[in-house]
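Chain by chain, the residues:
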Amino acid sequence: MDARNPKNKERLLRIYRILIALFAVVLVLLPRSVTSMPEIETKLLLTVLGLDKTENGYRVTATAVMPAESQNGATMRTDVESEEVSVSAALEKLSLKMGKRLELGLCGVVVVGDTFGDESLLPHLKYLLSSGKIIPGAYLIFADGMPAKKAIEMSNALSEASSNGLSTLVEHNALNTHMSTITLLKFLSDTASVTSCAYMPILEIGVKEQEFEGSDGGGSGEGSGAQTGKAEIEQINRIAIYKKGVKTGEFDPVETRGYDWTDKNNTQGLVTVKNFTAGGIEAGEVYCQLIDKRVNIDVSFEDGVPTAKVRIDALMKFEERYKLSDMNKYGGVSEKELSERMKEQFSAKIASNILCAVEAMKRLDADGSGFTDILYRFRTKDYNAYENKESMLADLVVVPEINVKFR
């Protein structure tokens, strides 16, 4: 077909018009998911959520993940926040401010700031769960001595080795260490029991000052180094105790470790005995890794006294076997005696930790381990017959029964 022919030209133009019209129709009829922006561009993906009480209401702070301006598929983290008269209103305002729909399905951690005082957290946590905004398995954590806003901002400034952020840090500790963690659903469930008690792990985060060599050309006469700060996790080995959703106190590291032993889901971690002695020879500190454990709590009213027998079967692995070998080779301590002393002293350490935790519960009048709840569920008749239920925790006798095996 000769394009120079006027008739042929007109025919080609007609064909082009038809093709353009067909293309426009296809665009109109195609699903929105094909023609619209990518879904990640229309949603605000939040991985960590923080709650604070303020003078005028409540502040919601979150870590948002969004695509970076690059061609390699990288993402970046940024802080977003809003404040309103309620948590629900603050979340709605956050969506309006950012012009995107909030996506909280990937939110793995809720940080509670040290700002609520005597106010109960229960209404806010129940809203997050019942509204379906947060998954029931999201972990709760308490920011020690600071608002959740500051804790989240500092966690996003962690070193590159912690680049996955606070969410992954807590998930790792939930699976691979002896730190007791708690989910949103479990916190509300424990609070709804007869004990009305639950806990949260305490996050201590700070800034480590670093000095780098160099000169700014001017200087103050006190050196040419430049100071800069990098956030780092200082401690995460304590728990905050809540009763009816209100924080009533804290456990120190030893008391927390005692609570960890009664937690059936807590099956790993480092166990240390100081001043280990066998055959009159002292070997200093001896370390073992907890590989597995089983916890059984048997409750009763013995002569009318509420009693809980805590049986723990712990399987451990030596971390410093050479110390025991030296005691056997150079000190003449038999393997049988070493084995007996190891079982004896590690069992005593575990029992001591548990009893410390029990004393802390009695001090705070908060049954974090749920002993009285177990009495209520399995010794209901005796529980109901107990005259002064308010003093049941104070009257409780806890008997640790520890069985340690080594591999």
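Check the entry above for the structure.
Residues numbered from 1 in each chain as written. Predicted model: local features only at pLDDT ≥ 70, side-chain atom pairs only at ≥ 80, totals over all residues. Heavy atoms only, no water.

J.: Give me helix α5 (residues 122-130): which residues, what numbers.
T.: Of all the positions in α5, only Leu122, His124, Leu125 and Leu128 are classed as buried. The buried residues of α5 all sit within an arc of 165° when viewed along its axis, so they share a single face. In this structure, α5 carries Pro123 and Ser130 as exposed residues pointing more than 90 degrees from its buried face. Phi turns positive one or two residues past the end of α5, at Gly132, with a value near 80°. (Buried < 20%, exposed > 50% of the residue type's maximum accessible area, 1.4 Å probe, protein only. Helix = DSSP H or I, 4+ residues; strand = E, 2+ residues; numbered from the N terminus. Arc of directions from axis to C-beta.)

J.: I'd love a proper account of the packing of helix α9 (residues 253-262) against helix α11 (residues 335-364), names of residues and values included.
T.: For the pair α9 and α11, the least separation of the axes is 7 Å and the interaxial angle reads 105°. By the angle class used here, α9 and α11 are roughly perpendicular. On α11, the residues touching Val254, Glu255, Arg257, Gly258, Tyr259, Trp261 and Thr262 of α9 are Ile350, Asn353, Ile354, Cys356, Ala357, Ala360, Met361 and Arg363. (Axes fitted to C-alpha atoms, helices over the stretch in contact; angles between N-to-C directions. Parallel < 35°, antiparallel > 145°, perpendicular 65-115°, else oblique. Contact = heavy atoms within 4.5 Å.)

J.: Mind laying out the layout of surface pockets, listing which residues take part and the relevant values?
T.: Taken as a whole, the largest pocket spans an internal volume of roughly 510 Å³. In terms of lining residues, the largest pocket is bounded by 24 residues, among which Lys186, Ser369, Gly370, Ile374 and Arg377 are the most central. Among the elements of the structure, α8 (184-191), α9, β11 (281-302) and α12 (371-378) are those that each provide at least two residues to the lining of the largest pocket. When the residues that make up the lining of the largest pocket are grouped by side-chain class, the tally is six nonpolar, nine polar and nine charged. (1 Å grid on protein atoms, 1.4 Å probe; cavity = no way out; pocket = protein on both sides within 12 Å on 5 of 7 lines; lining within 4 Å. Points joined across faces, edges and corners; volume = space filled by probe spheres on them. Nonpolar A, V, L, I, M, F, W, Y, C, P; charged D, E, K, R; others polar.)

J.: Break down the nonpolar core for me, with residues and values.
T.: Generally speaking, nonpolar side chains in soluble globular proteins are found buried as a group. Of all hydrophobic cores here, the largest spans 87 residues; its most connected members are Phe276 and Met316. Looking at this core element by element, the count peaks at eleven residues for α11. Those residues in contact with Met316 that lie beyond four places of it in its chain are Trp261, Val271, Cys288, Gln289, Leu290, Ile291, Phe346, Ile350, Val404, Lys405, Phe406 and Arg407. (Core = buried A, V, L, I, M, F, W, Y, C linked by side-chain atoms within 4.5 Å.)

J.: Residues and numbers for the pairing of strand β6 (residues 139-143), please.
T.: Counting buried positions along β6 yields five of five residues, so the element is predominantly enclosed. The side-chain alternation of β6 yields two buried faces, one formed by Tyr139, Ile141 and Ala143 and the other by Leu140 and Phe142. For the handedness criterion, the β-α-β arrangement of strand β5 (residues 109-112), α5 and β6 is classed as right-handed. (Right-handed = clockwise from strand over helix to strand, strands pointing away.)

J.: I'd like to hear about the sheet that holds strand β10 (residues 269-278), residue by residue, with values.
T.: Spatially, four strands are ordered β10-β11-β12-β13 in an open sheet, and the strand pairing comes out mixed. The open sheet terminates on both sides in strands that have one partner only, identified here as β10 and β13 (397-406). Between one strand and the next, the sheet's axes are offset by a mean angle of 40°, whatever the strand orientation. Here strand β12 (residues 305-318) pairs with β13 via ten bridges, running parallel. Note that in β13 the partner of Met316 across the bridge is Phe406. In the packing of helix α10 (residues 321-329) onto the sheet, contacts are made with β10, β11 and β12, and the angle to β11 comes to roughly 110°. Strand contacts of α12: β11, β12 and β13, with the helix running at about 35° to β11, the strand carrying the most contacts. (Pairing = 2+ DSSP bridges.)

J.: Describe the pattern of salt bridges, with residues and values.
T.: Side-chain pairs of opposite charge can arise where the charged atoms are in close proximity. Counted according to the given criterion, the structure contains 18 salt bridges. The partner of Lys309 in a salt bridge is Glu302, and the shortest N-O contact between them spans 3.7 Å. Owing to a relative accessible area of 37%, Glu302 belongs among the partly exposed residues under this scheme. The network of salt bridges with common partners includes Asp144, Glu204, Arg238, Lys247 and Glu250. (Salt bridge = Lys/Arg side-chain N within 4 Å of Asp/Glu carboxyl O.)

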